[in-house]
Structures are given as structure tokens and as C-alpha cells.
Amino acid sequence: MMISFILKNMINISLYGVLAKKFGSFWRLDVQSVMEIFQAIEANCYKSNKYFNDFHKFFTHFIVYVDGKPMPAHLLKSKILKSNSKVEILPVIQGGVFW
């Protein structure tokens with residue numbers, strides 16, 4: 001007997017910077033929210049990531065784009081992702097200049 005299932009909500013995820021170095025730059029996952037992306041990556045890598053522990057801090061160091069538009073932090077757990085959505089997670093460039 002063959003068991004089959006259909007992955008309905010495959011999302012294309014691109015990671016950049018330190019996250020790409022740690023987890024790989026491209027993922028395709030069956031998720032519905034950005035929070036589920038982080039949970040699925042951790043589960044598939046069998047690693048915990050310090051960046052995912054404090055999401056308030058995460059959103060000061062990274063920006064999340066969903067289909068080319070910046071995602072507000074309050075939508076982290078919302079099921080906003082549709083089939084074939086493109087999610088990009090990029091580090092925010094930070095620093096200071098002294099004159």
C-alpha cells in the first residue's frame with residue numbers, strides 16, 4: 001500500500017547573512033506563518049538558534065519580506081502565507097559613525 005500526501009502550502013524562503021551561513025540560503029517549506037518558518041528550520045536542522053529565541057530582538061536585527069513587501073512584526077504568528085509565497089529574511093545593516 002502506498003501512502004501519499006500533498007504539500008499544499010509550499011513557501012519559498014531565502015535567508016541571507018548569518019542565517020544563511022548557519023542554516024543554508026534556500027528553503028521550501030509547507031508553512032502558513034513566518035513563525036512556522038523558524039520552527040520548521042530549527043526542527044529540520046536539529047539546532048536551536050539564538051536569533052529565534054527573542055523575536056523582539058530578532059526584528060531589530062533582521063527584516064522579513066513577504067512577496068517583496070516588509071512584514072510588520074505583529075504579523076509574525078498570522079497565517080498570511082499563501083502557496084508559492086516568497087519570504088526573504090535579511091539582516092539589518094547597523095552601525096555608527098563617529099566624527
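In what follows, the accompanying structure is described. (Residues numbered from 1 in each chain as written. Predicted model: local features only at pLDDT ≥ 70, side-chain atom pairs only at ≥ 80, totals over all residues. Heavy atoms only, no water.)

### Some points on the pattern of salt bridges
Pairs may arise between side chains of opposite charge once their charged atoms sit close together. Enumeration over the complete set of coordinates arrives at one salt bridge. When the shortest N-O distance is used, the salt bridge between glutamate 88 and lysine 86 registers 4.0 Å. Classification of glutamate 88 by relative accessible area gives buried; the value is 19%. Judged by relative accessible area, lysine 86 falls into the partly exposed class, the value being 41%. (Salt bridge = Lys/Arg side-chain N within 4 Å of Asp/Glu carboxyl O. Buried < 20%, exposed > 50% of the residue type's maximum accessible area, 1.4 Å probe, protein only.)

### Focus on the pairing of strand β3 (residues 62–66)
Burial of the side chains of β3 is restricted to one face: Phe62, Val64 and Val66 are buried, whereas none of Ile63 and Tyr65 on the reverse face is. Two strands pair when backbone bridges link them, and β3 and strand β5 (residues 86–91) are joined in this way by five bridges, in the antiparallel orientation. For valine 66, the partnering residue across the bridge sits in β5 and is valine 87. Count of turn residues in the β3/strand β4 (residues 69–70) antiparallel hairpin: two residues, of which aspartate 67 carries a positive phi of about 50 degrees. (Helix = DSSP H or I, 4+ residues; strand = E, 2+ residues; numbered from the N terminus. Pairing = 2+ DSSP bridges.)

### Here's the deal with unusual backbone geometry
Positioned with a positive phi, aspartate 67 is a non-glycine residue whose angle comes to about 50 degrees. Aspartate 67 sits in the partly exposed class, given a relative accessible area of 44%.

### Considerations on the sheet that holds β3
Spatial ordering of the open sheet is given by β2-β1-β5-β3-β4, a layout of five strands whose pairing is mixed. Lying at the two open borders of the sheet, with one neighbouring strand each, are β2 (26–30) and β4. Both strand β1 (residues 10–15) and β5 contribute to a ladder of four bridges, which runs parallel. Across the sheet, residue serine 14 finds its bridge partner in β5, namely glutamate 88. Most of the contacts of helix α2 (residues 34–45) go to β2, to which it runs at about 110 degrees, and overall it touches β1, β2, β3 and β5. (Contact = heavy atoms within 4.5 Å. Axes fitted to C-alpha atoms, helices over the stretch in contact; angles between N-to-C directions.)

### Considering the nonpolar core
Grouped together as the largest cluster of nonpolar side chains are 24 residues, with contacts concentrated most on Ile13, Leu15, Trp27, Ile41, Val87 and Ile89. Elements represented by at least two residues in this core include exactly β1, α1 (18–23), β2, α2, β3 and β5. For this core, the element with the highest residue contribution is α2, accounting for seven residues. Those residues within four positions of isoleucine 41 in sequence are excluded, and the remaining contacts are Leu15, Phe23, Trp27 and Leu29. (Core = buried A, V, L, I, M, F, W, Y, C linked by side-chain atoms within 4.5 Å.)

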